[in-house]
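Secondary and tertiary structure notes
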Amino acid sequence: MSTNPCADAVLAAIAPDRLAAVSRYSHDPSATSMPLAVARRYPAIAGTAEEVIARHPALVVTDVFAPAASRAAYARAGLTVLTLDSPATIAASQRQVMAIAQAAGVPARGAALVRTIDAAIPKVTGPRPAALLFIAGDLANGGGTLLDDLLLRAGLRNAAADYGLAFTGTLPIETIVAHPPRVILSDGDGRTADLRRRILARSGASTLEAHFPRALMNCGGPTIPPALRRLAAIRAQLS
């Protein structure tokens, strides 16, 4: 049983026959990291101690952001618990895949997913165009994140540092117009994205607007190969 949406996606990929329930986020189109049709094969839970303990799962996969009281209650109930952090690199995500696979009793399937991720990393040569990735609205992805590592491995350069953004945070349109990146990546929806697009066009900036689906921003694991393919395709457009 999983209370973490990223673990949901990993377990659905490597242990679909052992997954008893997923987090409620995986049933939400704006938060899921796997196809809704796949997520909805499994019951969704909010992750409260009461509902998890009542199901008596052999394994609970949760995360460090879950309430400490809930995690303590799982332990008091005698449940086996795997607590995940948020991986900031592809390598860290691969280690997390293996931790989940070991805990779920499917190490060979976990290793197969790790090899799939390795095979998806492109061999990059040449220039690295400056790319600014918006997670939502004016919230731009900064350094030290999995998305930052994905940009790098796909042959792009995270432009967040050009604007003094060391961590993920908001970035005003005026700041971007003053120094436009080569490409802006976003899910493309919402008033902020539309306004940013129109203002950049009026400024004469040669910035490319590229669609990068929200479902590829949330997690690692099985999301990494399609995310790298999309980023590599965007980089190819720039050349």
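The following refers to the structure shown. Worth saying up front: this structure is predicted, and the values here are computed from it rather than measured.

Brief notes about the layout of surface pockets
In this structure, the largest pocket occupies an estimated 860 Å³ of space. Lining the largest pocket are 41 residues; nearest its centre among them are P5, C6, S86, N218 and C219. Contributions of two or more residues to the lining of the largest pocket are made by α1 (5-14), β3 (60-63), α4 (68-76), α5 (90-104) and α7 (146-153). Partitioning the lining of the largest pocket into residue classes produces 21 nonpolar, 16 polar and four charged. What the second largest pocket holds in volume is close to 170 Å³. Together, M1, L11, A15, R18, L19, A20, R55, P57, A58, L59, A103 and A104 line the second largest pocket. Its residues assigned to classes, the lining of the second largest pocket comprises ten nonpolar, no polar and two charged.

With respect to the packing of α1 against α5
At a minimum axis separation of 10 Å, α1 and α5 run at an interaxial angle of 60°. With respect to α5, the axis of α1 lies oblique. The two elements α1 and α5 cross, and the hand of that crossing is right-handed. Contacts between α1 and α5 involve A7, V10, L11 and I14 from the first element and V97, I100, A101 and A104 from the second. A per-class count over the contact of α1 with α5 returns eight nonpolar, no polar and no charged.

Considering the packing of aromatic side chains
The full count for this structure, using the stated rule, is zero aromatic pairs. The lysine or arginine in question, R24, covers the ring of Y25, its NZ or CZ lying 4.5 Å from the ring centre. Over the aromatic face of F134 sits the side chain of R196, whose NZ or CZ is 3.7 Å from the ring centroid.

Cut-off values and rules
- Residues numbered from 1 in each chain as written.
- Predicted model: local features only at pLDDT ≥ 70, side-chain atom pairs only at ≥ 80, totals over all residues.
- Heavy atoms only, no water.
- 1 Å grid on protein atoms, 1.4 Å probe; cavity = no way out; pocket = protein on both sides within 12 Å on 5 of 7 lines; lining within 4 Å.
- Points joined across faces, edges and corners; volume = space filled by probe spheres on them.
- Helix = DSSP H or I, 4+ residues; strand = E, 2+ residues; numbered from the N terminus.
- Nonpolar A, V, L, I, M, F, W, Y, C, P; charged D, E, K, R; others polar.
- Axes fitted to C-alpha atoms, helices over the stretch in contact; angles between N-to-C directions.
- Parallel < 35°, antiparallel > 145°, perpendicular 65-115°, else oblique.
- Left-handed = near helix turned anticlockwise from the far one by under 90°.
- Contact = heavy atoms within 4.5 Å.
- Phe/Tyr/Trp six-rings, centres within 6.5 Å; stacked < 30°, edge-to-face > 60°.
- Lys NZ or Arg CZ within 6 Å of the ring centre and 35° of its normal.

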